Amino acid sequence: MTTRVRGGRYIVQGEAVLHGRVRISGAKNHALAAMCAALLTDEDVILENVPYISDVDSLADLLRALGAVVKRLPDGSLLLNAARVATFEAPTELISENRASFQVMGPLLGRYGFAASAPPGGDVIGQRPIDVHLSGFEAMGAAVTREGERFVARAPAGLTGTRVFMDYPSVSGTQNVMMAAVVARGKTTIVNAATEPEVQELCHLLNAMGARITGVGTQMLEIDGVERLHGVRARIMPDRIEAGTWAIAAVMTGGELFLDEAPWEVMDALLHKLRAAGAEITTEPGGMHVRGGRPIRAVSFQALPYPGLATDLHAPFGALLTQANGVSIIHERVFDNRMLYVSELRKMGAEIVSTGSSAIVSGPTQLHGTRVRALDVRAGAAVLLAALVAQGTTIIDDIYHLDRGYERLDEKLRTMGVEVERA
Ligand code: UD1
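None of these values were measured; they are calculated from a predicted model.

Section: helix 7 (residues 197-208)
Now for step 1: Taking 1.5 Å of rise per residue, 12 residues should cover 16 Å, and helix 7 covers 16 Å from first to last C-alpha, within 8% of that figure.
Now for step 2: Every buried residue of helix 7 is listed here: Pro197, Glu198, Val199, Leu202, Cys203, Leu205 and Leu206.
Now for step 3: Gly210, located one to two residues past helix 7, shows a positive phi value of around 110°.

A word on the packing of aromatic side chains
Now for step 1: Scanning all chains against the criterion turns up two aromatic pairs.
Now for step 2: On the numbers, 4.3 Å between centres and 20° between planes, the contact of Phe88 with Tyr112 is stacked. One end of the pair, Phe88, is in the loop between strand 5 (78-81) and helix 3 (92-95); the other, Tyr112, is in helix 4 (residues 105-112), and 24 residues separate them in sequence.
Now for step 3: Between the aromatic rings of Phe301 and Phe317, the centroid separation amounts to 5.0 Å while the plane-to-plane angle is 65°, which identifies the pairing as edge-to-face. You can see Phe301 sitting in strand 18 (residues 301-303) and its partner Phe317 sitting in helix 10 (residues 314-321), a full 16 residues away along the chain.

As for the nonpolar core
Now for step 1: Formed by 155 residues in total, the largest nonpolar core has its most connected members in Val104, Leu206 and Tyr341.
Now for step 2: Top contributing element to this core by residue count: helix 12 (residues 377-389), with 11 residues.

Side note on the pattern of salt bridges
Now for step 1: The final tally for this structure, using the stated rule, is 26 salt bridges.
Now for step 2: Residue Glu48 is joined to Arg235 by a salt bridge in which the shortest nitrogen-to-oxygen separation is 3.9 Å. In this pair, Glu48 is assigned in strand 3 (residues 45-48) and Arg235 in strand 13 (residues 232-235), connecting sequence segments 187 residues apart.
Now for step 3: Residue Glu48 is classed as partly exposed on the basis of its relative accessible area of 24%.
Now for step 4: Classification of Arg235 by relative accessible area gives partly exposed; the value is 44%.
Now for step 5: Taking the shortest distance from any N to any O, the salt bridge between Glu344 and Lys347 comes out at 3.0 Å. With a gap of three residues between them, Glu344 and Lys347 both fall in helix 11 (residues 340-347), about one helical turn apart.
Now for step 6: The exposure class assigned to Glu344 is buried, which follows from its relative accessible area of 4%.

Reading the values: rules and limits
Residues numbered from 1 in each chain as written. Predicted model: local features only at pLDDT ≥ 70, side-chain atom pairs only at ≥ 80, totals over all residues. Heavy atoms only, no water. Helix = DSSP H or I, 4+ residues; strand = E, 2+ residues; numbered from the N terminus. Expected span 1.5 Å × (residues − 1). Buried < 20%, exposed > 50% of the residue type's maximum accessible area, 1.4 Å probe, protein only. Phe/Tyr/Trp six-rings, centres within 6.5 Å; stacked < 30°, edge-to-face > 60°. Core = buried A, V, L, I, M, F, W, Y, C linked by side-chain atoms within 4.5 Å. Salt bridge = Lys/Arg side-chain N within 4 Å of Asp/Glu carboxyl O.

This is the structure:
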């Protein structure tokens, strides 16, 4: 298991040029949703390629608190068994650790007709409401009330399939409603569903467990409810955000990396922008090869729902643009507070101004090592990338945020030629 102690720091030596080969770990957001799906069956769910990151640990603790068995098997896969789930209330201190935890609501409600949880935690990246989740549960016949700090959803006679319109194509909202709907009576249609690859993978996993979901990958999911789901053994897809982070790092440092297992089939938007910035990228069945060239060209982009450029790559890409020739404009269209990295990069000498949901980056600038903070998982990735090209040493505090989403980060950096120490 990984450490979940707040704080921690990396000491990074700058002017690195990344080279070599790195294996992309299992996807955080797919793993977390798949772990919640295990609540839908009494049988074993065995997940391969689950990353060793702290978000997985905190969700595992939450599932255990509900009464599920969660353990790593000798081959590294994660076994989950929810036959003895004894409570349908997620403990507040555990739910506040990560946002994905709220996704226990859908499966608990669907299977047991009752679920309670405080609002989810996770990164401080904007309002992050849950209205879409709750209105989906209500549409299927649940009574949802606010009791103290908790949301309580009750459907003692079970849920009934219906047409659910998502006011916003929320990723975890779609997954939550879908996990309730797979065991509802009759047919549910989710209109304006999220189409992110991790949502598609969850559909495939649920279908492998006996669910009947069609329209996978489209904004309209049709779900025929079934009485029960069974166990499954499945593999977590490689993390497109980790792959994207390393691809950006290769370009930013003028290096060359082979990213083993990078899921480039679902990374078109990023590859398009990196090529526009001057990168050479070739893809093959086992991964992709990325080579940075000089000069890096300024490119503008918008962070959008899939298949647009992922909001989780906004901050790392913003860091890259400090090294690009000219002025780049960024629009964040998913979250209302993704700009936390801007102030940290400015401390390192970056010329970025942010105006609400937009940022203007002028480059190239020579960054310099200083003391900065990882303010959330992706803002942390942005300062880490900046530290790689900075002159001198950068101290990054609060790296527990990076531990939430990046497996063996310092170890991987060292194999790519970076001098980094964890303190
Ligand atoms: C998931 C990912 C996160 C990623 C994000 C967008 C997990 C655990 N996390 O987060 O890494 O950055 O998708 O790809 O999978 N919204 C509403 N009402 C709701 C729910 C969301 O308006 O009920 C809005 C949010 O305010 C935000 C937007 O939808 O502006 C996107 O949020 P959402 O797709 O729900 O992100 P998460 O599922 O939290």
